Amino acid sequence: MSPMSVPRFGHGSRVPGWDEAVDLTKDPAVVPDLATTPVPDALRREVEGAMAKYPDRRSAAIPALHAAQQEHGWCSPTAITQVAAVMALTPAYLTSVATFYDMFETTPRPPHNDVYVCTNISCSLLGADELFDAMVGAAAGERTVHVRSFECLGACDIAPMASVNGEFVGPLTPADAEQIVADLRAGVPVLPDKQLRYRRCVDPGVESDASDLRPPPDTPRADTAGLSPQEGEH
């Protein structure tokens, strides 16, 4: 069976370039010289802080790339080179990480809201496909809301779930899709009563006000009932 004929769900991912041959004529990769590579101080401190948490510096690649994307808006060649210089890795290594994970942007994009709907096994068994379709429909026409499926977000206990600008929310129903878009449009916390951060946790670093399963009562929320038909329906 040809790789291209492997059945896939409509939302299934396939990393771009997976079928392209490696260019063996390129020069060997080298580690950028930190002494001659300008790196923003804040980015350098954050990357070094991430590296200090792991016995192998490569384990800090994901948080380091998150920091670079936050600094530059995307994982540009310059951003990756800066992280590579601090971590003493080749840009090729970090590029392989950035292009593998869906949460990293490797092409420039204007400011936007990312909604990643988990469509892996636990979420799919509990209705993720319907949730994804509802989310795509709710975000139709919203140029600043980008919806994509995600292979696994590692939060099976709140399946079906999604990550909204890095905030884990769930369990979700298709009816939550309109509220997510409304909250993003209003610039308020998304589905605060379903945010993972407010669940009880043994982690002493959890939100200090997460003693209950619900967020503080004064947390603002968008009202979808007050939207016009064009705003509340897609």
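Remember, predicted model here, so these are calculated numbers, not experimental data. (Residues numbered from 1 in each chain as written. Predicted model: local features only at pLDDT ≥ 70, side-chain atom pairs only at ≥ 80, totals over all residues. Heavy atoms only, no water.)

Q: Explain the packing of aromatic side chains residue by residue, including any values.
A: Under the criterion given, the structure shown has two aromatic pairs. A ring pair is formed by phenylalanine 100 and tyrosine 101, whose centres lie 4.9 Å apart and whose planes are at 80 degrees; its orientation type is edge-to-face. The class for tyrosine 101 is partly exposed, based on a relative accessible area of 30%. Both rings, one in tyrosine 116 and one in phenylalanine 150, keep their centres 5.4 Å apart while their planes meet at 35 degrees; by these two values the pair is tilted. Of the two residues, tyrosine 116 sits in strand 1 (residues 113–118) while phenylalanine 150 sits in strand 2 (residues 145–150), which places them 34 residues apart along the sequence. (Phe/Tyr/Trp six-rings, centres within 6.5 Å; stacked < 30°, edge-to-face > 60°. Buried < 20%, exposed > 50% of the residue type's maximum accessible area, 1.4 Å probe, protein only. Helix = DSSP H or I, 4+ residues; strand = E, 2+ residues; numbered from the N terminus.)

Q: Residues and numbers for the nonpolar core, please.
A: Counting 34 residues, the largest nonpolar core has Val47, Leu65, Val83, Met87, Leu94 and Met161 as the members making the most contacts within it. Of all the elements in the fold, those that place two or more residues in this core are helix 1 (41–51), helix 2 (61–72), helix 3 (77–87), helix 4 (91–100) and strand 1. Here this core gets six residues from one element, more than from any other, and that element is helix 3. Other than its neighbours up to four places away in sequence, valine 83 contacts Val47, Ala64, Ala68 and Leu94. (Core = buried A, V, L, I, M, F, W, Y, C linked by side-chain atoms within 4.5 Å. Contact = heavy atoms within 4.5 Å.)

Q: Any details on the pattern of salt bridges? Residues and values, ideally.
A: With the rule as written, the count across this model stands at seven salt bridges. With its nearest N and O atoms 2.9 Å apart, the salt bridge here joins arginine 109 to glutamate 105. The partly exposed category is assigned to arginine 109, whose relative accessible area is 29%. Between arginine 185 and glutamate 142 there is a salt bridge; the shortest N-O distance is 2.5 Å. With arginine 185 in helix 7 (residues 176–186) and glutamate 142 in the loop between helix 6 (128–139) and strand 2, this residue pair connects regions lying 43 residues apart in the sequence. Residue arginine 185 is classed as partly exposed on the basis of its relative accessible area of 31%. (Salt bridge = Lys/Arg side-chain N within 4 Å of Asp/Glu carboxyl O.)

Q: Could you give an account of a nonpolar patch on the surface, naming the residues involved and the relevant values?
A: A grouping of Ile121, Leu125 and Leu126 is seen on the molecular surface, where their side chains present a nonpolar patch of about 350 Å² in accessible area. Looking at where leucine 126 falls in the secondary structure, it is placed in the loop between helix 5 (121–125) and helix 6. Leucine 126 sits in the exposed class, given a relative accessible area of 53%. (Patch = residues over 30% accessible without salt bridge, like charges linked within 9 Å, V, L, I, M, F, W, Y side chains within 5 Å. Areas by Shrake-Rupley, 256 points an atom, 1.4 Å probe, with all protein chains shown as cover.)

Q: Residues and numbers for helix 2, please.
A: Here helix 2 contains twelve residues, and its C-alpha end-to-end distance of 16 Å stays within 8% of the 16 Å for a straight helix at 1.5 Å per residue. For helix 2, the full list of buried residues reads Ala61, Ala64, Leu65, Ala67, Ala68 and Gln69. Buried-residue contacts for helix 2 involve helix 1, helix 3 and helix 4. Once helix 2 finishes, glycine 73 follows within two positions and takes phi at roughly 95 degrees, a positive value. (Expected span 1.5 Å × (residues − 1).)

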